Amino acid sequence: MAIAKDTLLRNEPRITPELVAEHGLKPDEYQRILDLIGREPTLTELGIFSAMWNEHCSYKSSKVHLRGLPTEAPWVIQGPGENAGVIDIGDGLAVVFKMESHNHPSFIEPYQGATTGVGGILRDVFTMGARPIACLNAISFGDPKHPKTRHLVSGVVAGIGGYGNSFGVPTVGGQTRFHTRYDGNNLVNAMAVGLARTDSIFYAAASGVGMPIVYLGSKTGRDGIHGASMASAEFGEDSEEKRPTVQVGDPFAEKLLLEACLEIMRKDCVIAIQDMGAAGLTCSAVEMGAKGDLGVTLDLDKVPTRETGMSAYEMMLSESQERMLMVLRPEKEQEAEDIFRKWGLDFAIVGETTPTKRFIVRHGGDVMADLPIKELGDEAPVYNRPFVESPKLPVIHAGDVTHPMSMADALERLIGSPDLCSKRWVWEQYDHIIGGNTVQRPGGDAGVVRIEDGPKGLAMTADVTPRYCEADPFEGGKQAVAEAYRNLCAVGALPLAITDNLNFGNPEKPEIMGQFVGCVRGIAAACKALDFPVVSGNVSLYNETNGRAILPTPTIGGVGLLNDFMKSMSSGFKDSGDTILLIGENPGWLGQSLYLREICGREEGAPPPVDLEHEKRHGAFVRRLILDSQVTAVHDISDGGLLVALAEMALASGLGATLDAAPAAVPAQAFWFGEDQARYVVTAKAADAEKVLAKATAAGIPARTLGTVGGKAIAVKGEKAVPLATLNAAFEGWLPAYMAGKA
Amino acid sequence: MKARVTVTLKSGILDPQGKAIEGALRSLGVEGVASVRQGKVFDIELEGTTDRAKAEAALKAAADKLLANTVIENYRIEVVG
Amino acid sequence: MKARVTVTLKSGILDPQGKAIEGALRSLGVEGVASVRQGKVFDIELEGTTDRAKAEAALKAAADKLLANTVIENYRIEVVG
Amino acid sequence: MARTLKLVSGVEPAMVWHADTALPAGTDLVVVPGGFSYGDYLRCGAIAARAPIMDAVRAFAAKGGLVLGVCNGFQILCESGLLPGVLMRNQQLKFICRDVYLRVERSDTPFTRGYNAGQVIRVPVAHGEGNYIADGETIARLEGEGRVLFRYSSPDGLVDPDWNHNGAINAIAGIVNGQGNVLGMMPHPENHVEAVIGCTDGRGLFAGLSDHFDKAA
Ligand SMILES: Nc1ncnc2c1ncn2[C@@H]1O[C@H](COP(=O)(O)OP(=O)(O)O)[C@@H](O)[C@H]1O
Ligand SMILES: [Mg+2]
């Protein structure tokens, strides 16, 4: 019963060019649809195409470039393409993780937008058969002075906490940044990490003909219809008006869904499983069929709905949360249903697999859609969009920078600046201890959780420095990966793999596309050099308001392994008298540094270049020192430079430091505040310091003594000492004061 | 002057709390509950004004700016005297 | 049948949310706010009954058993038809 | 929580489903753990307090059985009438996850015999609604009968608003019922029983309970 050429279905309008445009499809894309199916689509079909062919689902602008990312390594079980990436950590265990953006919804309704972002990424992870063990989040907001910023911070943070805390997974790390370029487009990138057995990982591809397709979870409502298309459209002045129905998260329902899913997986009931994310039923059903080389027929009369009178179009595009689609073993159907009923969740057989490779949707006795299932995905337009490389910026020579204030004042100012200050106000709203496995809480270099009863531990981090990416996309992409790598090494973990979340502006603009291409190439280069493959990711484009794009923000979520979590290293100083050492070269790069921006008022220059060979060797060296118990504290050096890193180590412990003067060859400010890469600060017992230096010399790694732990101030020889109390007030003070409306 | 602002979820917006309460009422044996939706009330005392219209304008501002999230909620203002 | 159950804090019980909202309204420049107390409303649909008295009894049970914590809260039931 | 009970007592605890109506035979301690029951919708712990199993818990407590409620468990015990008062939203209206200091007020109870009176312990809290409130009469009775077992304090035992992170009346962090066999507390002692995970200050509570049962046996 195919759809005849001229059928006009119940209540469905004729397709007009306006309607096509409203669905975010370009005229040539619509022509492609006509050519593909040989007739005018029904409205439901148009909706299905718009969902499948928008940027969010089809990756049409990014696909060609993402192919360049390294995705393989002996420990990679599943790379990009599934709900989440999977890596092997030995002992029959696998780590499943992914990061995803929920930027646009979080701008429109920060609490619910952030909430559903966390819910969605958790589902991606447990869909694969993993129990979530930790979350992270990278959030970027506009200028603190912008009238909307405070409201967005407050809503997003409450929302991330609201969902994760209630669901019962610890949030152990993340990143919080401010910049005026996010004024109209804040970013919410949520990452979830789960643990599974290597022999019971579940995938989306259906298999077998005539298999029941089961709908599980919450009921379908008119939530977020057009959410996926919205995520692929630029905002204009009127975006406040065009508010789509907002999706609301239900963490309690998701907790039940998790337990029910894991239980039926244990009972071996599941052939294939796919969560309903963006464009819900459409994307999940098409993917299950297409990946399994099968057709799918859906009967929408069977779909559990929350509202009456929902049309086929609405059901196919609804983004109601906490829902799953599964193909079950027919003989296990009853068992699976009993489990779902026990957990109080909806369970309905809504379709079956067919040999036809067609995607057929029935509703109220009509065929509302009849489309070739493979082509829906495979024939989606792919663009190799024109791009121009970002112009190279001049290198700023340290000697040419004039310094408006003393080192002591600069340190105090920097440590209390929005980007460098403590994010305690944020992470104290996240339950970071639930589960009783959190070995390192937020506030250090990477979160560390114990795996089951140990001895293994998992380290994780989320990083990117958008101002570097803007100044030089290639170096910036490299740097994001390198920083994630460094944060993992700093706690003693072997970096294993990353997930990336690529947030950019409008790819139809060649400059933006140039940023994208540059960053992806940088990421690829770094991943290759560091043996740090990409196993999952997400692309969010069109982050622009009134023609102004966000800073290019390719967030990198890194995961690393500790064979013995008891050996995990923290960044706070440990004992007075310990020797402080610098690992890495310190020529003093001030271009794009926070010192230059916050103290000198100049957001300028080329960012620090990243030598990947150095990153790799210095990282391995630091891990070795930790394993050999030769160091007492480790911290990587990133934003703010060496002196900021030292201040952070002091603030984490309440112990100060006495430091030698900068070497004569480097201007003092550049030495202390430059943002050269591949550097770490380590401390060692005085008796071990010489051994560490000798080991470094033997390995050909630059290392030098900086001073000694002790006292209640950061005291650089020849400079005014800064009391820790003063630094602490600045560090801990800014964010709470700002949120209280006092900064 | 006293007033009450009642904030309710727009129809079609999922109400997880209401849903959970619905289920709980049923299992407590309260019969005939078809659906529950939860909202908020704010009982506000205003001082320094006796002008009803002024009060209503102030309350409307309060509701728009803070009490209601107009993306997902509706509100109603009653000045009770 | 439709009903609304309104749950409010007993007087004398501290209301941290109300207090915070009070402060926030003032700092938003909404004038004349002397006090705010926050409560809850439940919009309940009942089915299978057209008997008002019966419905009210069911609602009273719902409020006593679950919707209100009568240690700190009062409630009021209105059947709206 | 289950891990801690096993770690400290050596006994594997039994899990009970919310819709069950009876506790396992031979139960000597009921623990109502934390964890956002029913998403903490309506009021924290309100829906769980009305779960079928709670009748069995009430009966167990009435016969003098020991009941421990932590965090959401404390909220459930209050909602179910086993303990007086309520837990309101934290004063700053935010969820707070951090280590706090508790002053142990007495050591002559099965729950606190592992500590000394006046001892200060460091344990984490993780809650949005932990602000303990009751009417004046109830508070007077709790204080008069010495039923406040834990109070938020400074590291050296000073009770002071700066260290009372959620604004609870009299900085109350944990109370027992009139018979002294039901304890509810907001902080999570079960999260501080291993040095590598934080510290071991929470161990005393479980070790004390273990000791109590050993002596009784
Ligand atoms: N949104 C957030 N959620 C959780 N933790 C956060 C968040 N923002 C910052 N943090 C924590 O604050 C600390 C400092 O963050 P950041 O300056 O980005 O560290 P680094 O420079 O080492 O990457 C880290 O431990 C990080 O995990
Ligand atoms: Mg770091």
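Everything below is about the structure shown above.
Conventions and cut-offs
- Residues take numbers from 1 onward in each chain, read along the sequence in its written order.
- In the order they appear in the text, chains get letters beginning with A and ligands get numbers beginning with 1.
- Since the coordinates come from a predicted model, pLDDT governs what is reported: local features require at least 70, and pairs of side-chain atoms require 80 or more to be given and counted, while whole-chain, interface and lining totals use all residues.
- Remark: hydrogens and water are excluded; side-chain values derive from all non-hydrogen atoms of the structure.
- Under the scheme used here, helices are H or I runs from DSSP no shorter than 4 residues and strands are E runs no shorter than 2 residues, and both carry numbers assigned from the N terminus.
- Atoms counted for the radius of gyration: C-alpha only. Globule rule: 2.2 Å times residue count to the power 0.38.
- We call a residue buried when its accessible area falls under 20% of the maximum for its residue type, exposed when it is over 50%, and partly exposed in between, using a 1.4 Å probe and counting protein chains only.
- Contacts were defined at the residue level, with two residues in contact if any of their heavy atoms lie within 4.5 Å.
- Reported accessibility uses the Shrake-Rupley method at a 1.4 Å probe radius. Residues are deemed covered only where the shown protein chains occlude them.
- Any two strands with at least two DSSP bridges between them are considered paired.
- Here a donor is an N, O or S atom found within 2.8 Å of the metal, or within 3.2 Å if the metal is Na, K or Ca; sites may look incomplete because water is not among the atoms.
- Buried area: the sum, over both parts, of the accessible surface (1.4 Å probe) that disappears when the two are put together.
- Salt bridge criterion: a side-chain nitrogen from Lys or Arg within 4 Å of a carboxyl oxygen from Asp or Glu.
- Definition of a polar contact: a pair of N or O atoms within 3.5 Å, with one able to donate and the other able to accept a hydrogen when the atoms are protein atoms, and with sequence-neighbouring residues admitted only if both atoms are side-chain atoms.
- Comment: axis = line fitted to C-alpha atoms, over the contacting stretch for helices; angle = value between 0 and 180 degrees taken between N-to-C directions.
- Throughout, the term roughly parallel applies to angles under 35 degrees, roughly antiparallel to angles over 145, roughly perpendicular to angles from 65 to 115, and oblique to all others.
- In this scheme the handedness of a crossing depends on how the near helix is turned from the far one: anticlockwise by less than a right angle means left-handed, clockwise means right-handed.
- Throughout, the ten residues Ala, Val, Leu, Ile, Met, Phe, Trp, Tyr, Cys and Pro are labelled nonpolar, Asp, Glu, Lys and Arg are labelled charged, and all others, Gly among them, are labelled polar.

Q: Pulling in residues and values, what's your account of the overall build of chain D?
A: When helices and strands are tallied, chain D shows five helices and nine strands. When the elements of chain D are put in sequence order from the N terminus, they spell out α-β-α-β-α-β-β-β-β-α-β-β-β-α. A globule of 217 residues ought to have a C-alpha radius of gyration of about 17 Å, and chain D, at 16 Å, matches this closely. Residues classed as buried in chain D amount to 55% of the 217 residues present. For chain D, contacts bridging at least 24 residues in sequence account for 72% of all contacts bridging at least 6. Split by element, the accessible area of chain D, about 8300 Å² in all, is 51% carbon and sulfur.

Q: Help me get a handle on the pairing of strand S1 (residues 2–9) of chain B, residues and values and all.
A: All names here are of chain B. The buried fraction of S1 is high, at six of eight residues. Relative to strand S2 (residues 33–46), S1 runs antiparallel, the two being bridged by six bridges. Paired with Val5 across the strands is Phe42, a residue of S2. Where S1 and strand S3 (residues 73–79) come together, seven bridges link them in antiparallel fashion. Note on S3: the bridge partner recorded for Val5 is Ile77.

Q: Run through the coordination of the magnesium ion (ligand 2), naming residues and quoting values.
A: Four donors placed tetrahedrally around a metal ideally meet at 109.5 degrees, and six donors placed octahedrally ideally meet at 90 or 180 degrees. Residue and element names in this part refer to chain A. At this site the magnesium ion (ligand 2) is bound by Asp445 (OD), Asn487 (OD1) and Asp636 (OD), with donor distances of 2.1 to 2.3 Å. Read in sequence order, the donor residues for the magnesium ion (ligand 2) give the motif D-x41-N-x148-D. Within this pair, whereas Asp445 is found in the loop between strand S14 (438–440) and strand S15 (447–450), its partner Asn487 is found in helix H18 (residues 473–490), the two being separated by 42 residues in sequence. Considered together, Asp445 and Asn487 belong to a single accessibility category, that of buried residues.

Q: Could you give an account of unusual backbone geometry, naming the residues involved and the relevant values?
A: In the segment running from Gly454(A) into Pro455(A), the intervening peptide bond is cis, with an omega of 0 degrees. In this structure, Pro455(A) sits in the loop between S15 and strand S16 (457–463). With phi around 55 degrees, Asp293(A) is a residue other than glycine that occupies positive phi space. Within the secondary structure layout, Asp293(A) lies in the loop between helix H11 (280–291) and strand S9 (295–299). Phi angles above zero are rare outside glycine, and Ala171(D) is one such case at about 55 degrees. Position of Ala171(D) among the secondary structure elements: in the loop between strand S7 (148–153) and strand S8 (172–176).

Q: With reference to specific residues and values, describe the interface of chain A and chain D.
A: Interface extent is often summarised as the accessible area lost during association of the parts. Counting residues at the interface gives 26 residues for chain A and 20 residues for chain D. Here chain A packs against chain D, burying approximately 2000 Å² in sum over the two surfaces, 53% of which is carbon and sulfur. For the pair chain A and chain D, the interface holds four salt bridges. The partner of Asp453(A) in a salt bridge is Arg3(D), with the nearest N and O atoms 2.5 Å apart. Joining chain A to chain D, the criterion identifies nine residue pairs in polar contact (both at pLDDT 80 or more). Residue assignment for the side of chain A that touches chain D shows that the elements contributing at least two residues are helix H8 (149–167), helix H10 (251–266) and S14 of chain A. Residue contributions to the side of chain A that touches chain D peak at three residues, all from H10(A).

Q: How would you summarise the packing of H18(A) against helix H19 (residues 510–530) of chain A if you had to cite specific residues and measurements?
A: Residues and elements named next belong to chain A. The contact between H18 and H19 brings their axes to 6 Å, and the two run at 40 degrees. As far as their axial angle goes, H19 and H18 are oblique. Between H18 and H19 lies a crossing of right-handed hand. Residues Pro473, Phe474, Gly477, Lys478, Val481, Ala482 and Tyr485 of H18 lie in contact with H19, whose contacting residues are Gly514, Gln515, Gly518, Cys519, Arg521, Gly522, Ile523, Ala525, Ala526, Cys527 and Leu530. Tallied by class, residues from the contact of H18 with H19 come to 11 nonpolar, five polar and two charged.

Q: Can you lay out the pattern of salt bridges for me, pointing to particular residues and giving the numbers?
A: Under the criterion given, the structure shown has 74 salt bridges over all chains. Note that Lys40(C) is salt-bridged to Glu73(C), the shortest N-O span being 3.9 Å. Of this pair, Lys40(C) sits in strand S2 (residues 33–46) while Glu73(C) sits in strand S3 (residues 73–79), and the two are 33 residues apart along the sequence. Like Lys40(C), the residue Glu73(C) is buried in the burial classification. Notably, a salt bridge pairs Asp211(D) with Arg113(D), separated by 3.5 Å at the nearest N-O pair. Placement of the pair is Asp211(D) in helix H5 (residues 203–216) and Arg113(D) in the loop between strand S4 (96–104) and strand S5 (120–127), with a sequence separation of 98 residues. A residue is classified by how much of its surface remains accessible, and Asp211(D), at 32% relative accessible area, is partly exposed. Judged by relative accessible area, Arg113(D) falls into the partly exposed class, the value being 32%. Residues joined in a network through salt bridges with shared partners are Arg222(A), Asp223(A), Arg306(A), Glu307(A) and Glu314(A).

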